[in-house]
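Spelled out from the first residue to the last, the chains are:
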Amino acid sequence: MLKNVAAVLLDGVHPFELGVVCEVFGIDRSDEGLPTYDFAVVSAEGPTLGTHAGGLTLSTPYGLERLEEADLIAVPAGNAYLTREFPPELLDALVRAVDRGARVLSVCSGVFMLGAAGLLDGRRCSVHWRHAEELARRHPRTTVEPDVLYVDEGPVITSAGTAAGIDACLHLVRKEQGPEVANKIARRMVVPPHRDGGQAQYIERPLPASSCDTVGEVLAWMERHLDEDVTVEQLAERALMSPRTFARRFQQETGTTPYRWILRQRVLLAQQLLEATDETVDAIAGRTGFGTAAALRHQFVRALGTTPQAYRRTFKGPEAA
């Protein structure tokens, strides 16, 4: 169970990455029916720590002994983590935590601390793309995946820069305590419940229409009619544009093509239905516009690297079909 969480810091910690962990696990939201966590900020270098943010300092009464009871140890980014030496007693504490069944989660350059502890050996990991080459050089026994937001390798969860830490934290909450809890926390934080992380994960369907000036109404219509076959010509007519102008505006405002946008939204809807309902894969294929279970499976594997059945088991338990 995820009940006891500690964020471990060194001098030069980055406040934003620490704030991500504090926001997800350090706020009492029991008035909304959400679980509370026994949360502590732990220093590995004395009771007062500096940050890289304009002279801001942090103080905490907790030392490394607090890590011994944590179910999750979060490691935010910090200054010079790519090159600095980490306290041996801190690295030993991280190894002991994993050995007794706890999880560790890094945000951005915090992954270098996990690497120094030997916890990346034989595992995949994520890191900010700027640090990927250096991480691979320093830890050749790990597989660095620079193009994903986070990687969940059992007890070791690693995330890329800054806001990707939110995705990793919410992923863990969802995995341990279910989608309803993760979604409520995300709504309080005013963030999407998930962005794509390069792996099978639950993602609430985002609605990007509000940020689009000229195709927003069409996007909203497409969102409501994912089960229908539509052409660019039909969408352009709805937008009162020529097909060529519509395609150009769509690309400019969404960053993708109509086909790819619809395909992604259908996959996202399939994820939602797989997690939240007991509908068959055939029924979900019909509701999401894929038509057949085979077509759904093909696109699901291409997008998420897992099958619909395996995805459902991940979030609903082994008894789920």
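Only a predicted model underlies this, so the values are computations on that prediction, with no experimental measurement involved.

Go over the pattern of salt bridges, please, and point to the residues and values.
Tallied over the entire structure, the rule returns 16 salt bridges. A salt bridge links arginine 84 to glutamate 45, with the nearest nitrogen and oxygen atoms 2.7 Å apart. Here arginine 84, found in the loop between β5 (72-75) and α2 (88-99), pairs with glutamate 45, found in the loop between β2 (38-43) and β3 (48-50); they are 39 residues apart in sequence, far enough to count as distant. One salt bridge connects glutamate 69 with arginine 66, and the closest N-O pair in it is separated by 4.0 Å. Take arginine 66: its relative accessible area is 7%, and that puts it in the buried class. Here the salt bridges do not stand alone but share partners, grouping Asp38, Arg66 and Glu69 into one network.

Summarise the packing of helix α7 (residues 216-224) against helix α10 (residues 258-276); cite the residues concerned and give the values.
It is the contact of α7 with α10, at a shortest axis distance of 10 Å, that shows an interaxial angle of 45°. Of the possible angle classes, the one that applies to α7 and α10 is oblique. Of the two elements, α7 crosses α10, and the hand of that crossing is right-handed. Residue-level contacts link Leu219, Met222 and Glu223 of α7 to Pro258, Trp261, Ile262 and Gln265 of α10.

Lay out the pairing of strand β10 (residues 156-159) with the relevant residues and their values.
The two faces of β10 match: Val156 and Thr158 on one face and Ile157 and Ser159 on the other face are all buried. Bridge analysis of strand β6 (residues 103-107) against β10 gives four bridges, and the strand direction is parallel. Across the sheet, residue valine 104 finds its bridge partner in β10, namely valine 156. In the sheet, strand β9 (residues 150-153) pairs with β10 via four bridges, with the strands oriented antiparallel.

Give me the lowdown on the side chain of arginine 29, citing residues and values where you can.
Here arginine 29 lies in the loop between α1 (15-25) and β2. Within polar-contact distance, the side chain of arginine 29 engages the backbone oxygen of glutamate 23 at 2.8 Å. Apart from the residues lying within four places of it in its own chain, the contact partners of arginine 29 are Glu23, Val24, Leu34, Thr36, Ile185, Arg188 and Met189.

Lay out the sheet that holds β5 in plain terms, naming residues and giving numbers.
The six strands are arranged β2-β1-β5-β6-β10-β9 in an open sheet whose pairing can be described as mixed. Each of the sheet's edge strands pairs with one partner strand only, and the pair in question is β2 and β9. Within the sheet, the average angular offset between the axes of one strand and its neighbour, ignoring direction, is 15°. With three bridges connecting them, strand β1 (residues 4-9) and β5 associate as parallel partners.

How would you summarise the packing of α10 against helix α12 (residues 293-304) if you had to cite specific residues and measurements?
Two numbers describe a pair of packed helices, the interaxial angle and the distance between the axes. Axis separation between α10 and α12 bottoms out at 10 Å; the angle between their running directions is 100°. The orientation of α10 relative to α12 falls into the category roughly perpendicular. Residues Tyr259, Leu263, Arg264, Val267, Ala270, Gln271 and Leu274 of α10 form the contact with α12, whose participating residues are Leu296, Gln299, Phe300, Ala303 and Leu304. Here the residues of the contact of α10 with α12 sort into nine nonpolar, two polar and one charged.

Provide a residue-level description of the state of the cysteines, including the pertinent values.
Where two cysteines share a covalent bond between their sulfur atoms, that bond is called a disulfide. Going through the model one piece at a time under the given rule, you end up with zero disulfides. Looking at the unpaired cysteine 22, the closest cysteine sulfur is the one in cysteine 169, lying at 9.9 Å. Its sulfur unpaired, cysteine 108 is 12 Å from the next cysteine sulfur, which belongs to cysteine 125. Residue classification places cysteine 108 among the buried residues on the basis of a relative accessible area of 8%.

Thresholds, definitions, all that
Residues numbered from 1 in each chain as written. Predicted model: local features only at pLDDT ≥ 70, side-chain atom pairs only at ≥ 80, totals over all residues. Heavy atoms only, no water. Salt bridge = Lys/Arg side-chain N within 4 Å of Asp/Glu carboxyl O. Helix = DSSP H or I, 4+ residues; strand = E, 2+ residues; numbered from the N terminus. Buried < 20%, exposed > 50% of the residue type's maximum accessible area, 1.4 Å probe, protein only. Axes fitted to C-alpha atoms, helices over the stretch in contact; angles between N-to-C directions. Parallel < 35°, antiparallel > 145°, perpendicular 65-115°, else oblique. Left-handed = near helix turned anticlockwise from the far one by under 90°. Contact = heavy atoms within 4.5 Å. Pairing = 2+ DSSP bridges. Polar contact = N/O pair within 3.5 Å; in protein donor to acceptor, adjacent residues only side chain to side chain. Nonpolar A, V, L, I, M, F, W, Y, C, P; charged D, E, K, R; others polar. Disulfide = S-S within 2.5 Å.

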